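# Analysis of the macromolecular model
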Amino acid sequence: FFSSRRRHTRCLSDWSSDVCSSDLVGEVSETVHERIRIEADVASCLATVLDFEAYPEWARDLKQVTVLERDAEGRGTKVEFRAAAMGKSFTYVLAYDHSALPERVSWVLDHGDSLRALDGTYRFEADGGATRVHYDLAVDLTIPLPGLIKRRAAGMITGTALRDLKRAVERD
C-alpha cells in the first residue's frame, strides 16, 4: 500500500507497535503499525469500521463524520472528518478503497487541514472466535515538528483508534 511512495524506512520496535520513519519523495512521513485483539468476529469488527456516521459515538477525538460519496453497495468512499486534539479542531477528507474486503479496508488523504498524508489500512485476521486488527498509518503534517514528536503523535492516533474500536465492538 505505501511501498510505491517509500524510498527507505528506519524502524524502531517495541512490544505493541512498530514505528517507522519513511523518507518519502520530498517529505517526511511517520508510519506506524499497531495491532489489537478484539473479542468479536471479523464481520462485527468490519461493520463497526465501515459505519462512519457512528464514529463520533465511540472515537473520542472525532466530533463529526459526514459521508460525502458512496459506492454502489452504500459504503462510504469519500468521508469528511472533523476532529479535535490538543485544543485544536481540524477537518480532513479520506478516500476509501473497499476492493480488498473483508480482509482489509484502506484509505488515502483527499485533502485536509495541516495534513499532507493520512493514509492507512485496517487489516482483519480471524483468531479463533476473536479478530486480530492491524492498523497501518502514514501521517505527514504540514506543520514542522521534530520526528520524535511526529512518531509519538502517529502512535497515539493508532493506539487510541484501536482501543476505541475494541471498546465499541465488544460493547455490542
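Above this text is the structure in question.
Throughout this description, residue numbers start from 1 for each chain and increase along the sequence as written. Note on the predicted model: pLDDT of at least 70 is required for a residue's local features to be given, and 80 or more for side-chain atom pairs to be given and counted; whole-chain, interface and lining totals, by contrast, use all residues. By convention in this description, side-chain values take in all heavy atoms of the structure and omit both hydrogens and water.

A cis amide bond, omega 5°, links L101 with the succeeding residue P102. Helix and strand assignments come from DSSP, with helices taken as H or I runs of at least 4 residues and strands as E runs of at least 2, each series counted from the N terminus. Relative to the assigned elements, P102 resides in the loop between β6 (88–97) and β7 (104–112). Residue S114 is not a glycine yet carries a positive backbone phi of 60°. On the secondary structure map, S114 appears in the loop between β7 and β8 (115–127). Each residue's exposure class comes from its accessible area (1.4 Å probe, protein chains only) as a fraction of the maximum for that residue type: buried when under 20%, exposed when over 50%, partly exposed otherwise. Its relative accessible area of 38% is what places S114 among the partly exposed residues.

This next bit is on the environment of A161. Note on placement: A161 falls in helix α3 (residues 147–171). Of the residues examined, A161 reaches a relative accessible area of 17% and is grouped as buried. Separated by 127 residues in sequence, A161 and E34 have C-alpha atoms that sit 10.0 Å apart. Among all residues touching A161, those that are not within four sequence positions of it are W58, Y122 and Y135. Contacts are assigned to residue pairs with any non-hydrogen atoms lying within 4.5 Å of each other.

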